[in-house]
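Each chain is listed here by its residues.
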Amino acid sequence: MLLNAAEVAKHNTTSSCWIVINGKVYDVTGYLEQHPGGAAILVKQGGRDATPEFRTVHSPDVLEYLPKESYLGDMDPAAVASLSTVSSSKPATPSASSSSSSPAPTPSATSTVNGPPHIAHCITVNDFEAAAKGVLSHNALSYVSSSANSGLSLAGNLSSWSRISYRPLVLRGVQHVSPRTAIFGHASPFPFYLSAMGQLGRSHAGGEVEFVRGLARRGAHGLISTESTQTMEDIAAALTDEQQKLASKTGATDDLPPSVLHFQLYCHANRSITTSRIHRAKAAGFKTLWVTVDTPVLGKRTSDRRIQAAEALELGLEHAAEQAGFGRRSHATPDHFAPGLAWADIAWIKEEWGGPLVLKGVQCAEDAALALKHGCDGILLSNHGGRQAHTAPDALSTLLEIRTYAPEVLGKLEIFVDGGLRDGADVLKAVCLGATAVGVGRPFFYALSAYGARGVERCIDILAEELDMGMRLLGITSLDEARPERVNATRLLNEMWRPEKSRL
């Protein structure tokens, strides 16, 4: 039947959205949330002739995938001509009052007077950093973004992921994929977890509790730092409380597995303090213990030192300012760490803990082999986010080194990597090379600071969506199919340490 323009024009809202394409009228109300381009563009075209805009994006056969009941009827050309059209593809025209020839900054790059931009502008995890800059203090921003020395370790982390490329398969039937895995027997909806980050109270008033509430809503695993601003008991209780709330809401988490918390341990110079931390973590319900072994002393956090020196000078404390340049006004006292920690200590730590134990901060194949020899259950290949040793290896390079020179640990230890990951699709690169899961840190600090638990949820969702899409485009349907032959790591392999080339 023929529909008139007045009737079509009425349907321009989310509750009733009709569009005209090639003289045919479609009711796309039920398709708004499924539209790959988002609901907004369809609503914008509601009650209008969308043909010009449709043609710039889609091929005509796309209409075949709409439900048959979406088609409502036809319009004669004169009626179509009477409808207004709107295009979102045209470049914006500067207003007459504009005093600058430069385009206005996009909302995603700026904060509003009332806080960060709307969370909808966060499309990649990097967007959270821009949002956080509008709410974090200078000190807090320095804390989370700082790196060791001149920043080369951090730069290496960030660039390493782009130095491995994929070798995609096609025609593999990827309509159904599953990124599910397990970490020490505990189900996880995806092979990434939220890394340990100290002092989350600097990020958000709710600190670690808010952080945990966000990850619980997505079934994610989280590693909680010794350096938390809330007690490990309160953090664990927050997880339990949030999970109880979710259980009372039908369909709140669909079929997501319950989140699991793991504890990151800094060994104190005083053994009794370390023992107490271990026992408390066990009693609080943390499932595994991750012993940090890359921090016998605190690395040179250059940015932190500059701020500390400037603050001291503002108070007229010249000597303190000079000492700050040498890290003597650090946020961690010398006895906070245990520079005497050695391989022999692993035995008593294992005994005190009595559960799965991971060494956090392994950076070479020899230590991976020793971890296996000393009865560890897992290793985290990490240079502490580029915050410890100068020019430390990135985790992917260490993983390749282990595959080459300590292959006996593969399949016997759970291997984790972290540092520099900013795209969920890149998680698969580590999994293909033998990693159980990848830790992601700074993006969640920024997400928490700008949006609280909701930001943590959004950050997880972004990574998860990129991971899902990455699997489909790689041509795999489960992580069992993520094998070494699916990646090309030649560029990292060419620069990998080799003993035969180290004998000068």
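Note: the structure precedes this text.
Small disclaimer: the values here were computed from a predicted structure and weren't measured. (Residues numbered from 1 in each chain as written. Predicted model: local features only at pLDDT ≥ 70, side-chain atom pairs only at ≥ 80, totals over all residues. Heavy atoms only, no water.)

Enquirer: Give me the overall build of the chain: which residues, what numbers.
Expert: In terms of regular secondary structure, the chain is built from 19 helices and 17 strands. Counting the 504 residues in the chain, one finds 48% classified as buried. Look at the contacts in the chain between residues 6 or more apart in sequence, and 76% of them connect residues 24 or more apart. Surface accessibility of the chain: about 23,900 Å² in total, with carbon and sulfur atoms responsible for 53%. (Helix = DSSP H or I, 4+ residues; strand = E, 2+ residues; numbered from the N terminus. Buried < 20%, exposed > 50% of the residue type's maximum accessible area, 1.4 Å probe, protein only. Contact = heavy atoms within 4.5 Å. Areas by Shrake-Rupley, 256 points an atom, 1.4 Å probe, with all protein chains shown as cover.)

Enquirer: Could you give an account of helix α6 (residues 138-145), naming the residues involved and the relevant values?
Expert: Those residues of α6 that fall on the buried side of the exposure criterion are Ala140, Leu141, Ser142, Tyr143 and Val144. Residues of α6 that are buried sit in contact with α11 (302-314) and α17 (442-451).

Enquirer: Which residues make up the packing of helix α14 (residues 365-373) against helix α15 (residues 395-405), and what are the values?
Expert: Contact pair α14 / α15: the axes reach a minimum separation of 8 Å and the direction vectors enclose 65°. In terms of their interaxial angle, α14 and α15 are classed as roughly perpendicular. Here α14 and α15 pass one another in a crossing that is right-handed. Residues Ala365, Glu366 and Ala368 of α14 touch α15, and the partners they reach there are Glu401, Ile402 and Tyr405. Along the lines of polarity and charge, the residues of the contact of α14 with α15 split into four nonpolar, no polar and two charged. (Axes fitted to C-alpha atoms, helices over the stretch in contact; angles between N-to-C directions. Parallel < 35°, antiparallel > 145°, perpendicular 65-115°, else oblique. Left-handed = near helix turned anticlockwise from the far one by under 90°. Nonpolar A, V, L, I, M, F, W, Y, C, P; charged D, E, K, R; others polar.)

Enquirer: Summarise the nonpolar core; cite the residues concerned and give the values.
Expert: Considering soluble globular proteins, one finds that nonpolar side chains tend to be buried as a cluster. Membership of the largest hydrophobic core comes to 95 residues, with the highest contact counts inside it found for Phe211, Ile379 and Phe444. Here this core gets nine residues from one element, more than from any other, and that element is helix α18 (residues 453-474). The residues contacting phenylalanine 211, other than those within four sequence positions of it, are Leu194, Ser195, Met197, Leu200, Ile224, Phe444, Leu448 and Val456. Tyr26, Ala50, Phe54 and Leu66 belong to the second largest nonpolar core, which has eleven residues in total. (Core = buried A, V, L, I, M, F, W, Y, C linked by side-chain atoms within 4.5 Å.)

Enquirer: Break down the pattern of salt bridges for me, with residues and values.
Expert: Inspection of the entire model under this criterion finds 15 salt bridges. A salt bridge links glutamate 457 to arginine 218; its shortest N-O distance comes to 3.2 Å. Separated by 239 residues along the polypeptide, glutamate 457 in helix α18 and arginine 218 in the loop between α8 (207-216) and β10 (222-225) bring together distant segments of the chain. By relative accessible area, which is 13% here, glutamate 457 ends up buried. In the salt-bridge network here, residues are joined through shared partners; they are Arg213, Arg217, Arg218, Asp241, Glu242, Lys245, Glu457 and Asp461. (Salt bridge = Lys/Arg side-chain N within 4 Å of Asp/Glu carboxyl O.)

Enquirer: How would you sum up the side chain of glutamate 242? Please name residues and give values.
Expert: Position of glutamate 242 among the secondary structure elements: in helix α9 (residues 232-247). A relative accessible area of 5% places glutamate 242 in the buried class. Within polar-contact distance, the side chain of glutamate 242 engages the side chain of arginine 213 at 2.8 Å. Sequence-distant contacts of glutamate 242, that is, excluding residues within four places in its chain, are made with Arg213, Ala216 and Arg217. (Polar contact = N/O pair within 3.5 Å; in protein donor to acceptor, adjacent residues only side chain to side chain.)

Enquirer: Can you tell me about the environment of leucine 200, naming the residues and giving the values?
Expert: Looking at the element boundaries, leucine 200 is found in the loop between β9 (192-194) and α8. Taking relative accessible area as the criterion, leucine 200 reaches 2% and is therefore assigned buried. Taking the C-alpha atoms as reference points, leucine 200 and glutamate 227, separated by 27 residues in sequence, lie 8.8 Å from one another. Beyond its immediate sequence surroundings of up to four residues, leucine 200 is in contact with Gly207, Glu208, Phe211, Thr229, Phe445 and Leu448.

Enquirer: Could you give an account of α14, with specific residues and numbers?
Expert: Taken together, the buried positions of α14 are Ala365, Ala368 and Ala371. What you see down the axis of α14 is that its buried residues fit within an arc of 115°, all on one side. Packing partners of the buried residues in α14 comprise β13 (357-362), β14 (378-381) and α15. Two residues or fewer past α14, glycine 375 is found with a positive phi of approximately 85°. (Arc of directions from axis to C-beta.)

Enquirer: Can you lay out the packing of α17 against α18 for me, pointing to particular residues and giving the numbers?
Expert: At a closest axis distance of 6 Å, the pairing of α17 and α18 adopts a crossing angle of 140°. On the basis of the axis angle, α17 is oblique to α18. Seen from above, α17 lies across α18 with right-handed handedness. Side by side, α17 and α18 meet where Pro443, Phe444, Ala447, Leu448 and Tyr451 of the first sit next to Ala453, Arg454, Gly455, Val456, Cys459, Ile460 and Leu463 of the second. For the contact of α17 with α18, the class distribution of residues is ten nonpolar, one polar and one charged.

Enquirer: Tell me what's going on with the packing of aromatic side chains, and back it up with residues and numbers.
Expert: Inspection of every chain in the model, using the stated rule, returns twelve aromatic pairs. Geometrically, the ring pair formed by tyrosine 143 and phenylalanine 445 is tilted, given 6.5 Å between the ring centres and 50° between the ring planes. Of this pair, tyrosine 143 sits in helix α6 while phenylalanine 445 sits in helix α17, and the two are 302 residues apart along the sequence. Neither residue differs from the other here; tyrosine 143 and phenylalanine 445 are each classed as buried. Considering the side-chain rings of tryptophan 290 and phenylalanine 416, the 4.8 Å spacing of their centres and the 45° angle between planes classify their relative orientation as tilted. (Phe/Tyr/Trp six-rings, centres within 6.5 Å; stacked < 30°, edge-to-face > 60°.)

Enquirer: Please provide a residue-by-residue account of unusual backbone geometry, values included.
Expert: Even without being a glycine, leucine 171 presents a positive backbone phi close to 55°. Relative to the helices and strands, leucine 171 resides in the loop between β6 (165-166) and β7 (181-183). The phi dihedral of histidine 384 falls on the positive side, at around 65°, and the residue is not glycine. Mapped onto the secondary structure, histidine 384 falls in the loop between β14 and α15.

Enquirer: Describe the environment of alanine 310, with residues and values.
Expert: Within the fold, alanine 310 resides in helix α11. Counting along the chain gives 14 residues from alanine 310 to alanine 324, while the straight-line C-alpha distance between them is 9.0 Å.

Enquirer: If you had to explain the environment of leucine 3 to someone new, which residues and values would you point to?
Expert: Topologically, leucine 3 is positioned in the segment before α1 (5-9). With relative accessibility at 12%, the residue leucine 3 sits in the buried group. In this structure, the C-alpha to C-alpha distance between leucine 3 and alanine 79, residues 76 residues apart in sequence, is 8.4 Å. Apart from the residues within four sequence positions on either side, leucine 3 is in contact with Val8, Trp18, Val25, Leu72, Gly73, Asp74 and Met75.

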